[in-house]
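One-letter residues, chain by chain:
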Amino acid sequence: EITLQLEGLTKTYLPGTPGEIQVLRGADLTLRAGEVVALVAPSGAGKSTLLQIAGLLDTADGGRVCIGGQDMAGAGERKRTAVRRQDVGFVYQFHHLLPEFTALENIVLPQLADGVPQRQAEARGADLLALVGLAGRAAHRPAALSGGEQQRVAVCRALANRPRILLADEPTGNLDPATSDQVFDVLLQLVAETGLSALIATHNLELAARMNRVLRLENGVLQDG
Ligand code: ADP
Ligand code: ADP
């Protein structure tokens, strides 16, 4: 089952100006259920751009994005938002947890926004926290958690609404190597348990080597690496 398909994506920033930059020049990608793919490239190569387009947070100039077999060409903003909320989870380099809410609440809130009843959302949140080894941190606010713990909560939040696809942009980029390994272990375990597919941008070649496949973004196209 193909969860994410990108075909011939092109993207140019600031077209027609001296700052014009052609970031994507025909990027193709097929992501299958249960697959974990590393996206490796130097800084500035366009990894974030690609992830934002794949996750329907941005649009390409040309090419196609299909999510769960649905071609998003011609889909309006309402449809794009619905598919993004249902099918895509994001994790960033910084956790972006809401500071005034607890770890559990941060995982519950997106579910409530999605119409899940409170009790069910809390049960799901508690399950996810337990899976990442944070059952004892449910009532802590983000500021009271370590960097690795914050990122593990961010991973739980991304998976709260049971997306098909996890998109992660340097998810362990500001963690030390040991913590980074730990967060990554948890991420791989969750992917294995949920059959999710994941596209993970990273600079860390050791982490990349633990994934099913490595793709390199070079000169605006994706190549097996
Ligand atoms: P990466 O994630 O690989 O570091 P990005 O996708 O963030 O790369 O950026 C790719 C290139 O596009 C960079 O040169 C960046 O400066 C440029 N860029 C990114 N977003 C914009 C934007 N909104 N406007 C203009 N240029 C941008
Ligand atoms: P709303 O504004 O109604 O919350 P959005 O389309 O902005 O809907 O957000 C949908 C999902 O995408 C949310 O889970 C949100 O966290 C994520 N999201 C949207 N824009 C960004 C962004 N620029 N950076 C990070 N996450 C974003």
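- Under the annotation held in an unreviewed UniProt entry, the protein carries the name Lipoprotein-releasing system ATP-binding protein LolD and is attributed to Tritonibacter horizontis.
- The Sequence similarities (unreviewed entry) comment attached to the protein in UniProt states, word for word, "Belongs to the ABC transporter superfamily."

## Quick word on the sheet that holds strand 8 (residues 197–201)
- Strand order in this open sheet of six strands is 6-7-8-3-9-10, and the pairing throughout is mixed. Of all strands in the sheet, those bounded by a partner on one side alone are strand 6 (88–91) and strand 10 (221–224). Neighbouring strand axes in the sheet, compared pairwise and without regard to direction, differ in orientation by 20 degrees on average.
- In this sheet, strand 9 (residues 213–218) lies alongside strand 3 (residues 36–40) in parallel orientation, the contact comprising four bridges. Counterpart to Leu 39 in the pairing with strand 9 is Leu 215.
- Strands in contact with helix 2 (residues 77–87) are strand 6 and strand 7 (165–169); relative to strand 6, the strand with the most contacts, it is inclined by about 70 degrees.

## Points about the site of ligand 2
- Around ligand 2, the neighbouring residues are Leu 57, Arg 84, Arg 85 and Tyr 92.
- Within the side chain of Arg 85, a nitrogen or oxygen atom sits 2.7 Å from an oxygen atom of ligand 2.
- Within the side chain of Tyr 92, one N or O atom sits 2.9 Å away from a nitrogen atom of ligand 2.
- Calculation on ligand 2 without its partners gives an accessible area of 530 Å², and the protein chains cover 38% of this total.
- Residues of the shell around ligand 2, tallied by class, amount to two nonpolar, no polar and two charged.

## Details of the pattern of salt bridges
- In total, this model carries 10 salt bridges according to the counting rule given.
- Of the charged contacts, one joins Asp 87 and Arg 164 as a salt bridge, the two residues approaching to 3.3 Å between their closest N and O atoms. Of this pair, Asp 87 sits in helix 2 while Arg 164 sits in the loop between helix 5 (147–159) and strand 7, and the two are 77 residues apart along the sequence.
- Residue Arg 164 is classed as partly exposed on the basis of its relative accessible area of 33%.
- Here Arg 210 ties to Asp 181 by a salt bridge, and the two come within 3.8 Å at their closest N and O atoms.

Parameters at a glance
Residues numbered from 1 in each chain as written. Chains lettered and ligands numbered in written order. Predicted model: local features only at pLDDT ≥ 70, side-chain atom pairs only at ≥ 80, totals over all residues. Heavy atoms only, no water. UniProt positions renumbered as here; feature names shortened; annotations may be inferred. Pairing = 2+ DSSP bridges. Helix = DSSP H or I, 4+ residues; strand = E, 2+ residues; numbered from the N terminus. Axes fitted to C-alpha atoms, helices over the stretch in contact; angles between N-to-C directions. Contact = heavy atoms within 4.5 Å. Near = heavy atom within 4 Å. Polar contact = N/O pair within 3.5 Å; in protein donor to acceptor, adjacent residues only side chain to side chain. Areas by Shrake-Rupley, 256 points an atom, 1.4 Å probe, with all protein chains shown as cover. Nonpolar A, V, L, I, M, F, W, Y, C, P; charged D, E, K, R; others polar. Salt bridge = Lys/Arg side-chain N within 4 Å of Asp/Glu carboxyl O. Buried < 20%, exposed > 50% of the residue type's maximum accessible area, 1.4 Å probe, protein only.

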